[in-house]
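Observations on the three-dimensional arrangement
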Amino acid sequence: MEKTVVLRVNGHPNSVTIDPETPLLYALRNHLQLNGPKYGCGVALCGSCMVLLDGKAQPSCIMPCSAAATHEITTLEGIGNQQQLHPVQRAVIDLQAAQCGYCLNGVIMCGKQLLDENPDPSDEEIREALQRVLCRCGTHTRFIGAIKKAAVYKRQ
Amino acid sequence: MPSPSQDQAFSTSRRRFLQQTGQLLIGFSILPALGKLSTAVAESGTPPFADAINTWLRIDADGQLTVLTGKTELGQGIKTALMQIAAEELDIPMKNVHIVIADTGRTPDERYTAGSASIESSGGAIREAAAEARRVLLGMAATELKVPVDQLLVKDGVVTAATSQQSVSYAALLKGKAIEGTVTGKAPQKDPSKYTIVGTAWPREDIKLMATGQPVYIQDMRLPDMVHARILRPPVYGAKLKSLPDNATGNAAGIIKLVRNGSFVGVITRDEYQAIKAIRNLQQKAVWDRPLLLPAQDGLYDHLLQQTGNSEVVERNDKVEPAIAAASNQVEAVYKRPYQIHGSIGPSCAIALWQNNELTVWSHTQGAFPLRSTLSDLLRLPETSIRVIATPGAGCYGHNGADDVGADAALLAMQLPGKPVRVQWMREDEHSWEPYGSAMVMRLKGGLDKDGKLLALHTELWSDTHSSRPGGKAGHFIAGRDLEQPFTFTAGRFSGGSYRNALPLYDTLRQVVLNNCKGPLRSSALRSLGAYANIFALESFMDELAHKAGKDPARFRLDNLKDDRAKAVIETVMKMTQWNDRMERREPQRGLGIAFAQYKNDAAYFAVVAEVEIDTAAKQYRLKKLTGAIDAGQVINIDGVKNQTEGGMIQSASWSMLESVRYHEKGIITRGWDTYPIMRFKSVPAIEVAVLNRPGMEPMGAGEAAQGPVAAAIANALFQATGSRLRELPLRPAQINWK
Ligand code: FES
Ligand code: FES
């Protein structure tokens with residue numbers, strides 16, 4: 001049964017008419033036309049669909065819209081844009097940290113949460129924060145470097 | 001250079017078809033992925049002719065250069081490298097350069113983007129076309145400015161007469177018209193020592209789009225009226241659908257159409273999640289005739305070894321066996337590699353639209369043109385009624401589900417005219433149906449004389465095919481085999497992929513025999529094909545020989561190589577890791593291992609040192625660091641080479657330490673990341689890569705050079721640390737004798 005659900009995404013309320021069981025990911029991508037969160041596994045094992053729920057990085061592929069409605073949702077689009085990049089986005093671009101880039105959403109969202117909580121993380125802490133994100137292209141070491149660089153940008 | 005792929009006869013309706021779909025593409029959100037298209041290209045529906053300059057490059061009235069390539073972007077940064085080549089040859093600034101990737105309606109036919117060959121093939125063609133265009137443009141400028149060609153200088157797309165200082169831009173010369181002329185291959189090319197763009201670390205523009213959530217991937221494409229679909233895949237290879245109750249989708253909402261053709265079933269819905277739910281219902285209600293998947297996995301390698309009926313001698317040398325038999329030291333070992341997956345992070349996806357008797361398919365295929373011909377076979381439609389537009393997906397690393405999902409989408413779209421149908425595979429579809437890298441067995445024998453000198457090497461290997469790409473035959477699609485009137489899969493001739501790099505580059509007598517086998521699982525091209533396992537075997541074996549000869553393994557390799565470029569990469573990693581010092585003062589709990597290969601024995605040279613740390617109490621090991629050196633000839637984009645090499649090293653470490661497909665008689669067991677884990681951040685080693693640039697030498701692809709050597713280097717490091725020789729991939733700690 002479809003219902004109207006109000007999702008607060010990137011600071012704005014959005015009414016969507018949807019089966020409330022639908023995982024948040026599909027509402028974000030198809031109803032709200034956002035591209036940041038992506039489908040990778042659907043079972044919280046790859047991190048492609050990462051969003052911030054009240055500031056914490058969480059997979060959006062397993063959370064039903066009905067539950068998501070109680071949270072403040074932020075997607076990749078909500079943390080920065082091409083004109084005003086978030087420091088993590090800027091560092092990723094500066095260090096050319098991507099191959100296919102499909103995993104980048106998860107890396108950036110987890111990186112953002114980490115830097116919000118820890119302005120000067122060690123390599124080990126960065127690895128820990130990105131552990132939920134899978135990258136098949138093997139861009140890991142560049143991502144770790146990018147988060148380090150972003151920490152510097154953020155402190156400046 | 002590829003030959004002209006289509007004849008000139010070109011109906012008006014076909015032209016309209018191309019124009020419409022061209023506009024469709026331009027009108028919607030995927031456009032930013034392609035960069036700004038110059039109007040010259042956007043309006044053109046002209047079929048490509050490989051020898052016309054116009055096939056490869058166009059300059060519009062604003063001076064914007066558009067490069068057209070039949071290759072596709074797979075995350076390897078090929079777009080940027082090809083743009084650099086054209087910009088360099090024409091002296092046009094990179095900001096005014098754009099690129100269109102494989103599109104059967106607009107670009108040249110360059111078959112597959114594979115084998116790390118795009119820089120050599122497409123790059124070579126684009127360089128020749130750009131040089132030819134420069135010659136034509138300079139000729140036009142000479143007439144315009146009334147000075148001889150040799151007195152003209154070009155900067156930023158503007159031609160200036162050295163004497164009079166009068167100038168004219170390329171755009172003003174062409175006034176929006178195409179560059180006339182054919183590519184002769186004889187136009188003078190720029191001296192590589194004068195390069196200012198090629199060889200630099202030019203940044204990829206697409207990374208900014210990716211990092212900010214712009215639509216970049218086929219998964220992000222949204223067309224008006226687009227509907228969603230999922231496929232009900234059989235539970236095991238060859239299963240036939242016995243029955244599907246009429247109410248099989250339950251009363252799930254949003255269902256537009258349930259399509260069934262034999263054992264091929266797809267459901268089309270308005271919302272994406274509705275299709276997922278409907279398929280879950282179908283999975284529970286469908287009744288299948290299921291053949292058993294045999295032989296059982298524990299008998300897999302024996303099953304391969306028994307197949308000797310279809311063998312070929314790759315290189316024959318009758319002196320090899322006697323030389324080994326007479327050697328004072330003989331060594332023999334058998335190495336194994338399991339089935340492994342591509343494992344794209346984004347499962348395969350395609351969109352198809354059937355409208356006015358013409359079919360358009362957006363796909364992340366590696367071969368837009370071969371996909372078109374195979375769809376033509378599947379649907380019995382003429383190729384001229386089909387257009388395939390390559391659109392980037394997640395990294396694929398070879399032949400994954402991309403072509404299959406294109407067929408799925410096309411079959412469904414044909415049943416729903418006028419609506420774009422988007423099919424996205426689920427994770428388990430990709431894990432269980434993509435064609436894997438084949439399981440392989442390699443048996444090596446070698447002989448050493450009493451001074452430890454290498455006398456001869458004999459290799460025998462067993463492998464299923466490494467190439468079952470569609471290539472025009474609908475039986476190569478999963479869906480093709482499931483139809484009411486099925487197409488049968490006929491394995492093509494076995495390709496050279498199986499014995500890639502089986503022939504040792506070392507300066508010794510050598511013989512290689514390949515046994516072409518049929519394994520139980522679907523297999524095709526996975527990054528580096530057979531080279532991965534063959535190099536793992538050969539470079540592990542070289543280590544065994546060095547050990548037997550009582551020689552340092554790096555020194556042993558150097559002593560048996562003649563090629564200076566091969567030696568240079570080895571010496572570079574030795575220096576980077578202080579190899580000699582560290583071999584002398586062996587650190588407890590640590591092991592270093594080295595390996596080397598020249599990819600395909602004729603492309604990039606790569607050497608690597610792996611460093612492992614063992615934890616005897618926990619019976620575990622950790623890969624601490626990989627140090628690599630690559631020589632890929634003339635470097636087009638130094639950061640691109642580094643990035644691809646680093647990625648290949650990490651990916652190979654994951655394959656080599658963790659990965660194997662598991663199955664039982666009911667089907668594939670490893671259907672997700674829980675059962676088929678890959679390397680995560682906490683286990684990733686530190687990486688250091690040196691690029692040996694060779695200006696003036698043929699540029700060579702770098703994408704696959706690291707795969708094999710990394711596997712062997714880790715195994716060799718484990719031998720040094722533990723004394724156990726691990727000859728079966730993946731290199732699981734359980735294989736180590738912890739004492
Ligand atoms: S798609 Fe959500 S974690 Fe993989
Ligand atoms: S860059 Fe391709 S999956 Fe990470």
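It should be emphasised that the depicted structure is a prediction, and the values quoted were computed from it without experimental measurement.

We now examine the packing of helix α5 (residues 104-117) of chain A against helix α7 (residues 140-155) of chain A. Residues and elements named next belong to chain A. In contact at an axis separation of 11 Å, α5 and α7 are set at 40 degrees when each is read in the N-to-C sense. Here α5 is positioned oblique relative to α7, judged by the angle of their axes. For the pair α5 and α7, the crossing hand works out as right-handed. Contacts between α5 and α7 involve Leu 104, Val 107, Gly 111, Leu 114, Leu 115 and Asp 116 from the former and Phe 143, Ile 147, Ala 150, Ala 151 and Lys 154 from the latter. Residues belonging to the contact of α5 with α7 are distributed by class as follows: 8 nonpolar, 1 polar and 2 charged.

As a further point, take the nonpolar core. Leu 359, Leu 375, Leu 378, Ile 630 and Ile 714 of chain B are the most contacted members of the largest nonpolar core, which has 216 residues in total. Leu 57, Ala 125, Ala 130 and Val 168 of chain B belong to the second-largest nonpolar core, a separate cluster that totals 43 residues.

Residues and elements named next belong to chain B. Sheet architecture is open: 4 strands sit in the order β21-β22-β23-β26, paired in mixed fashion. Two strands in the sheet have a free side with no partner beyond their single neighbour: β21 (590-598) and β26 (686-691). On average, each strand axis in the sheet is tilted by 15 degrees relative to the strand beside it, whichever way the strands run. Relative to β26, strand β23 (residues 620-631) is paired through 6 bridges, and the arrangement is parallel. Looking at β26, one finds that Lys 625 is bridged to Ala 686.

It is worth spelling out unusual backbone geometry at this point. Most peptide bonds are trans, and most residues other than glycine sit at a negative phi. Residue and element names in this part refer to chain B. With an omega of 0 degrees, the peptide bond between Leu 294 and Pro 295 qualifies as cis. Relative to the assigned elements, Pro 295 resides in the loop between β11 (287-289) and α10 (300-305). Omega for the peptide link from Leu 729 to Pro 730 comes to -5 degrees, which places this bond in the cis form. Tracing the backbone through its elements, the reader meets Pro 730 in the segment after α21 (707-722).

Taken together, the contacts link 66 residues of chain B with 54 residues of chain A. Across the chain B/chain A interface, buried area totals approximately 5100 Å², and carbon plus sulfur atoms make up 54% of it. The largest per-residue losses of area from chain B upon contact with chain A belong to Arg 222, Arg 680 and Phe 681 of chain B, which jointly make up 17% of the total buried on that side. Summed over the shared surface of chain B and chain A, the number is 8 salt bridges. For Arg 142 of chain A, the salt bridge identified is with Glu 646 of chain B, shortest N-O distance 2.9 Å. Our count for the chain B to chain A interface comes out at 36 residue pairs in polar contact (both at pLDDT 80 or more). Only α8 (206-211), β7 (227-232), α9 (272-285), α20 (638-658) and β26 of chain B provide two or more residues apiece to the side of chain B that touches chain A. When grouped by side-chain class, the residues that make up the side of chain B that touches chain A number 29 nonpolar, 19 polar and 18 charged.

Bringing the environment of Asn 118 of chain A into the picture now. Residue and element names in this part refer to chain A. Structurally, Asn 118 is set in the loop between α5 and α6 (123-130). Taking the C-alpha atoms as reference points, Asn 118 and Ala 151, separated by 33 residues in sequence, lie 8.8 Å from one another. Side-chain polar atoms of Asn 118 contact the side chain of Glu 125, separated by 3.1 Å.

All names here are of chain B. Here helix α5 (residues 78-90) contains 13 residues, and its C-alpha end-to-end distance of 19 Å stays within 8% of the 18 Å for a straight helix at 1.5 Å per residue. Along α5, 13 of the 13 residues are buried, which leaves the element largely enclosed by surrounding structure. Following α5 by one or two positions, Asp 91 has its phi on the positive side, about 55 degrees.

Now for the sheet that holds strand β9 (residues 255-261) of chain B. All names here are of chain B. In space, the 7 strands of this open sheet follow the order β9-β10-β7-β17-β14-β15-β16, with mixed pairing throughout. Of all the strands in the sheet, just β9 and β16 (386-390) have a single pairing partner and so form its edges. Taken pair by pair, the neighbouring strands of this sheet meet at an average axis angle of 20 degrees, ignoring direction. Pairing of β7 with strand β10 (residues 264-269) involves 5 bridges; the strand directions are antiparallel. Looking at β10, one finds that Ile 231 is bridged to Gly 266. Of the strands in this sheet, β7, β9, β10 and β17 (421-424) are in contact with α9, which crosses β7 at around 20 degrees.

The next point concerns the pairing of β23 of chain B. Residues and elements named next belong to chain B. Summarising the sheet, strand β22 (residues 605-615) and β23 pair through 11 bridges and their orientation is antiparallel. Its bridge partner being in β23, Val 608 is matched across the sheet by Gly 628. Linkage of β22 to β23, two consecutive antiparallel strands, is achieved through a turn of 4 residues, within which Lys 619 is found at a positive phi near 55 degrees.

Turning next to the layout of surface pockets. Of the volumes computed, that of the second largest pocket is approximately 480 Å³. In terms of lining residues, the second largest pocket is bounded by 25 residues, among which Cys 41 and Val 43 of chain A together with Arg 280, Met 426 and Glu 428 of chain B are the most central. Of all the secondary-structure elements, those providing two or more residues to the lining of the second largest pocket are β7, α9 and α14 (427-433) of chain B. Top element by residues in the lining of the second largest pocket is α9 of chain B. It accounts for 5 residues. Across the lining of the second largest pocket, the residue classes break down as 14 nonpolar, 4 polar and 7 charged.

The next subject is helix α16 (residues 531-549) of chain B. All names here are of chain B. The terminal C-alpha atoms of α16 lie 26 Å apart, and with 19 residues this matches the ideal 27 Å at 1.5 Å per residue to within 8%. Taking burial as the measure, the 19 residues of α16 include 17 buried ones, the bulk of the element. Gly 550 sits one or two positions beyond α16 and adopts a positive phi of about 70 degrees.

Note: interface size is frequently given as the accessible area lost on complex formation between the parts. Residues and elements named next belong to chain A. Splitting chain A by domain gives domain 1 (3-78) and domain 2 (87-155). For domain 1 versus domain 2, the separation of C-alpha centres amounts to 21 Å. If you look at the interface, domain 1 gives 20 residues, while domain 2 gives 13 residues. Summing the contributions of domain 1 and of domain 2, the shared interface buries around 1300 Å²; its carbon and sulfur component is 56%. Contact with domain 2 buries area across many residues of domain 1, yet Met 50, Leu 52 and Leu 76 alone supply 39% of it, more than any other trio.

Residue and element names in this part refer to chain B. Taken as a whole, this structure holds 52 salt bridges over all chains when the rule is applied. Glu 272 serves as the salt-bridge partner of Arg 422, at 2.9 Å between the closest nitrogen and oxygen. Of this pair, Arg 422 sits in strand β17 while Glu 272 is found in helix α9, placing the two residues 150 residues apart along the sequence. On the basis of relative accessible area, Arg 422 is assigned to the buried category, the value being 2%.

Residue and element names in this part refer to chain B. With respect to the element layout, Leu 304 can be found in helix α10. Here the alpha-carbon distance between Leu 304 and Gln 366, two residues 62 residues apart in the chain, equals 29 Å. Dropping the residues within four chain positions of it, Leu 304 is found in contact with Ala 439, Met 440, Val 441, Trp 462, Cys 517 and Gly 519.

What counts and how
The numbers attached to residues start from 1 for each chain and follow its sequence in the written order. Following the order in which they are written, the chains are lettered starting with A and the ligands numbered starting with 1. Confidence filtering applies because this is a predicted model: local features only for residues at pLDDT of at least 70, side-chain atom pairs given and counted only at 80 or more, and all residues used for totals across whole chains, interfaces and linings. Just so you know, side-chain values use all the structure's heavy atoms and leave hydrogens and water out. Working convention: axes come from line fits to C-alpha atoms, limited for helices to the stretch in contact. Angles between N-to-C directions cover 0 to 180 degrees. Numbered from the N terminus, helices here are DSSP runs of H or I no shorter than four residues, and strands are runs of E no shorter than two. Put simply, angles under 35 degrees are roughly parallel, angles over 145 are roughly antiparallel, angles from 65 to 115 are roughly perpendicular, and the rest are oblique. Handedness of a crossing is defined here by the sense of rotation of the near helix relative to the far one, left-handed for an anticlockwise turn of less than a right angle and right-handed for a clockwise turn. Contact definition: two residues touch when any of their heavy atoms are within 4.5 Å. Put simply, Ala, Val, Leu, Ile, Met, Phe, Trp, Tyr, Cys and Pro go in the nonpolar bin, Asp, Glu, Lys and Arg in the charged bin, and everything else, Gly too, in the polar bin. Joining through side-chain atoms within 4.5 Å is the link that ties buried Ala, Val, Leu, Ile, Met, Phe, Trp, Tyr and Cys residues into a set, and such a set is a nonpolar core. We call a residue buried when its accessible area falls under 20% of the maximum for its residue type, exposed when it is over 50%, and partly exposed in between, using a 1.4 Å probe and counting protein chains only. Pairs of strands are assigned from DSSP output, requiring at least two bridges between the strands. The term buried area refers to how much accessible surface (probe radius 1.4 Å) is lost by two components on association, counted for both of them together. What makes a salt bridge here is a side-chain nitrogen of Lys or Arg within 4 Å of a carboxyl oxygen of Asp or Glu, nothing more. Pairing of N or O atoms within 3.5 Å defines a polar contact, subject to two protein rules: one partner must be a possible hydrogen donor and the other a possible acceptor, and residues neighboring in sequence count only if both atoms are side-chain atoms. Expected helix span is given by 1.5 Å per residue-to-residue step, counting one fewer step than there are residues. In this analysis, the protein atoms alone were mapped onto a 1 Å grid. Cavities are point sets where a 1.4 Å probe fits without being able to get out; pockets are open sets with protein on both sides within 12 Å along at least five of seven lines; lining residues have an atom within 4 Å of a point. Grid points are joined across faces, edges and corners, and a volume is the space filled by probe spheres set on the points. Residue ranges for the domains trace back to a domain assignment, done automatically or taken from a database.

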